[in-house]
Amino acid sequence: MKSREFGTFAILFGAVALGFVLMGAPGLSASPAPLPAAASAPSPAAAGASRAAASALPSFADLAEQVLPAVVSIEAVAIEKGGSQRGPGVNPFEYFFRNPGRPGEGDPGDAKPRDFRSESGGSGFVVSADGLVVTNNHVIDGATEVKVHLGDRDFKAEIKGTDSATDLALLKIDVGHPVPFLPLGDSERLRVGDWVMAIGNPLLLRQTVTTGVVSAKGRQIGLERDTSFENFIQTDAAINRGNSGGPLVNLAGEVVGIATAMNWGAENIGFAVPVNTLRAVLPQLRDRGKVSRGYLGVNIQNLDFDRAQAFGLESADGALVVEVVAGTPAAKAGLVHGDVVLEVDGRQVKTTRDIIDYVSSKPPGESVKLAILRDGKRVEKTVKLEERPGEDDAVSRESERNKESGIEWLGLEYRDVNPALRQSHGIPAGAEGVWVSDVGATSPFVGEGLRPGDLIAEVNGQPVASSEAFERAVKATPSGKFLRLYVKRFDPRGDGNPFSFFAVTRVP
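On a predicted model such as this, the values are computed, not experimentally measured, just so you know. (Residues numbered from 1 in each chain as written. Predicted model: local features only at pLDDT ≥ 70, side-chain atom pairs only at ≥ 80, totals over all residues. Heavy atoms only, no water.)

Q: Help me understand the overall build of the protein in this model?
A: Along the protein, the regular secondary structure elements total twelve helices and 28 strands. Here the protein holds 508 residues, and 43% of them are scored as buried. Intrachain contacts of the protein at a sequence separation of at least 6 include 62% that bridge at least 24 residues. Surface exposure of the protein reaches about 26300 Å², of which carbon and sulfur atoms provide 53%. (Helix = DSSP H or I, 4+ residues; strand = E, 2+ residues; numbered from the N terminus. Buried < 20%, exposed > 50% of the residue type's maximum accessible area, 1.4 Å probe, protein only. Contact = heavy atoms within 4.5 Å. Areas by Shrake-Rupley, 256 points an atom, 1.4 Å probe, with all protein chains shown as cover.)

Put into structure tokens, the structure is as follows:
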């Protein structure tokens, strides 16, 4: 019993003693102890390490301050006489439509046609001290008036030149004194993973800066133009509606690209025209207002390993000729499908881009020497280049696009097939017909599925190889009878085999 009591007393005494120790022991006081000197005031060595870590993180503030004064916002205005509410350069993939028209205009109940004013916005940048401004062609395409906002002032701009193939345009503003401008870099030196900055006016938010890296180079994305000239830089620097025409710059403040397109179905996927493309066309835009390019007249594709082996090549370098357009310089020089272009003027051709860029940089009338592989043997051909047809003349293209059909009730716009249409829309050499450029909203063929890009090959079983033949066949169909169109639809990236169907309507 005494032993049990002694044990209990010992436990209680030990607990009390431990409590006193905990309350009074140095460093274990219930009140907060002051922090050690090293923690409250970092040593010089620790402070230096912290600054080094902070400086390793990129800051783009100096770069933005350097570049922003030369970036502009652009307002394009179009006036349409009693027409539809289309703005200049309407392209929902790339373009921000700011104001479709003034309130009250175009009231469906108003029988009298009214004029429409359309305004749209984009971006651009100054490239010379005397006020030359670069932007996208689609930003100002169709505009009757263009204004450039630089600094805190607005200037009326002159359209110096346009090039739809590369989607570039050159403007001129008269400021009265030298203005800040951006130097042009070298897009060939860009590497995937390099830092870039995009500056522009997305959603009318002026002077907006976004950053990212070069995600890829040499992208083709299938916009509505000749894909031969598509050679985009892909970036994850945010590009939104209204950024079109703004600069993509490197860390040295040099322009390496021109923001052009965005992908609606993804995040952080934007595209820019390489600045080397701008370098190639800038002198002609400035001096001539348009771009003339050398033209071979071939459809070419890159080789892969299997095709290289099949053509007797040790590597996949070269450009495979898949079609030679009749009547073109290549046809006159004797090129045939199955030829593999190995060199152009002694320069090695690794991909189709090498020959496209080189030939298009040459003026019409100049000759180039091609080294080709044919049936396992090396052959040389000299080709005298001609001017690339069906492009670069914005005024004639616009008038042709808006030209009324000869038969009003059809609601169709159409044109004869030319080599440029064949090349850009994948129409084989043997396919004849009338190419549909537009299907009006009131056309009886809207419900029949007819759409721009289709080829009308026959009318009521009669082949039509020209607009004149097409109109004769339509006019020969009596009122009240059925008009039967045989239509072919080609995929520009397909194998040349069309999707065919009949479109039928009754003649009024």
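Anyway, onward from the coordinates.
Q: What am I meant to see in the nonpolar core here?
A: Where a protein is soluble and globular, its nonpolar side chains tend to be buried together. Among the nonpolar cores identified, the biggest contains 46 residues, and I74, F125, L150, I173, V249 and L278 are the most heavily contacted of them. Counting residues per element, this core draws most heavily on helix α6 (residues 275-287), at five residues. (Core = buried A, V, L, I, M, F, W, Y, C linked by side-chain atoms within 4.5 Å.)

Q: Is there a simple way to explain the sheet that holds strand β9 (residues 195-200) in this structure?
A: Backbone hydrogen bonds hold the strands of a sheet together, and the pairing may be parallel or antiparallel. Taken together, the six strands give a closed barrel; going around it, the order is β9-β10-β11-β14-β13-β12, and neighbouring strands pair in antiparallel fashion. Within the sheet, the average angular offset between the axes of one strand and its neighbour, ignoring direction, is 45°. Sheet topology note: the strand β12 (residues 247-249)/strand β13 (residues 255-262) ladder contains three bridges and is antiparallel. Across the sheet, L248 pairs through a bridge with G257, a residue of β13. The strands that α6 touches are β13 and β14 (270-274); relative to β14, the one it contacts most, it runs at about 40°. (Pairing = 2+ DSSP bridges. Axes fitted to C-alpha atoms, helices over the stretch in contact; angles between N-to-C directions.)

Q: Just to check I follow, could you spell out the environment of K384 for this structure?
A: Looking at the element boundaries, K384 is found in strand β21 (residues 377-384). Judged by its relative accessible area of 56%, K384 falls in the exposed class. The spatial distance from the C-alpha of K384 to the C-alpha of A330 is 8.3 Å, given a sequence separation of 54 residues. Apart from the residues lying within four places of it in its own chain, the contact partners of K384 are P329, G365, E366 and S367.

Q: When you look at the pairing of β13 in this model, what are you seeing that I'm missing?
A: Counted residue by residue, β13 has eight buried out of eight residues, so it is predominantly covered. Connecting the antiparallel pair β12 and β13 is a turn made up of five residues, with G253 showing a positive phi of about 80°. Pairing of β13 with β14 involves five bridges; the strand directions are antiparallel. What sits directly across from G257, in β14, is P274.

Q: I tried to follow the environment of I233 on my own but got confused; where do I start?
A: Position of I233 among the secondary structure elements: in strand β11 (residues 232-235). Under the relative-accessibility criterion, I233 is labelled buried at 2%. In sequence terms I233 and A259 are 26 residues apart; their C-alpha atoms lie 9.0 Å from each other. Beyond its immediate sequence surroundings of up to four residues, I233 is in contact with S187, L190, V214, A216, L248, V256, G257, G270, F271, A272 and P274.

Q: Could you clarify how one ought to interpret the packing of aromatic side chains in this entry?
A: To describe a pair of aromatic rings, you give the distance between the ring centres and the angle between the ring planes. According to the stated counting rule, one finds five aromatic pairs in the structure shown. Measuring from centroid to centroid gives 5.0 Å for Y414 and F470, while their planes differ by 70°, and the two rings are edge-to-face. Pair noted here: Y414 is in strand β23 (residues 412-416) and F470 is in helix α12 (residues 467-475), with a separation of 56 residues, a long-range link. The two residues Y414 and F470 agree in class, both being buried. Geometrically, the ring pair formed by Y486 and F502 is tilted, given 4.9 Å between the ring centres and 40° between the ring planes. Of this pair, Y486 sits in strand β27 (residues 482-489) while F502 is found in strand β28 (residues 499-506), placing the two residues 16 residues apart along the sequence. When its relative accessible area of 48% is taken as the criterion, F502 is described as partly exposed. (Phe/Tyr/Trp six-rings, centres within 6.5 Å; stacked < 30°, edge-to-face > 60°.)

Q: Mind showing me how you'd approach the side chain of S244 here?
A: Positionally, S244 belongs in the loop between β11 and β12. For S244, the side chain forms a polar contact with the side chain of H138, separated by 3.1 Å. Polar contacts involving the side chain of S244 include one to the main-chain carbonyl oxygen of T260, which spans 3.5 Å. (Polar contact = N/O pair within 3.5 Å; in protein donor to acceptor, adjacent residues only side chain to side chain.)

Q: What should I look at first to understand the pattern of salt bridges in this one?
A: Charged atoms that come close allow side chains of opposite charge to pair. All chains considered together, the criterion is met by eleven salt bridges. When the shortest N-O distance is used, the salt bridge between R353 and D357 registers 3.1 Å. Linking R353 with D357, this pair stays in helix α9 (residues 352-360), spanning four residues, or about one helical turn. According to the relative accessible area criterion, R353 is buried, its value standing at 16%. One salt bridge in this structure joins E366 and K362, with 3.4 Å as the shortest N-O distance. Residue classification places E366 among the partly exposed residues on the basis of a relative accessible area of 30%. (Salt bridge = Lys/Arg side-chain N within 4 Å of Asp/Glu carboxyl O.)

Q: Which parts of the structure should I look at to understand α6?
A: Count 3.6 residues to each turn of an α-helix, and residues three or four apart come out pointing the same way. In this model α6 runs 19 Å from its N-terminal to its C-terminal C-alpha over 13 residues, within 8% of the 18 Å that 1.5 Å per residue would give. V281 marks where α6 bends most, by close to 45°; the proline P283 follows one to four residues later. Among all positions of α6, only V275, T277, L278, V281, L282 and L285 are buried. Phi turns positive one or two residues past the end of α6, at G289, with a value near 85°. (Expected span 1.5 Å × (residues − 1). Bend = angle between axes of the 7 residues up to and from the residue.)

Q: I tried to follow the side chain of R422 on my own but got confused; where do I start?
A: By the secondary structure assignment, R422 is in helix α11 (residues 419-425). A relative accessible area of 9% means that R422 is categorised as buried. Looking at R422, its side chain comes within polar contact range of the main-chain oxygen of P428, at 2.5 Å. Only 2.8 Å separates the side chain of R422 from the backbone oxygen of A431, close enough to count as a polar contact.

Q: Sorry, what's going on with the confidence of the model for the protein here?
A: Averaged over the protein, the pLDDT score is 80; the fraction of residues at 70 or greater is 76%. Long-range and interchain partners of residues 1-6, a stretch whose pLDDT sits below 50, account for zero contacts in this model, where long-range means more than four residues apart. Taken together, the stretch residues 391-405 has pLDDT below 50 and engages in 26 contacts with residues farther than four places along the chain or on a different chain. (pLDDT = per-residue confidence, 0-100.)

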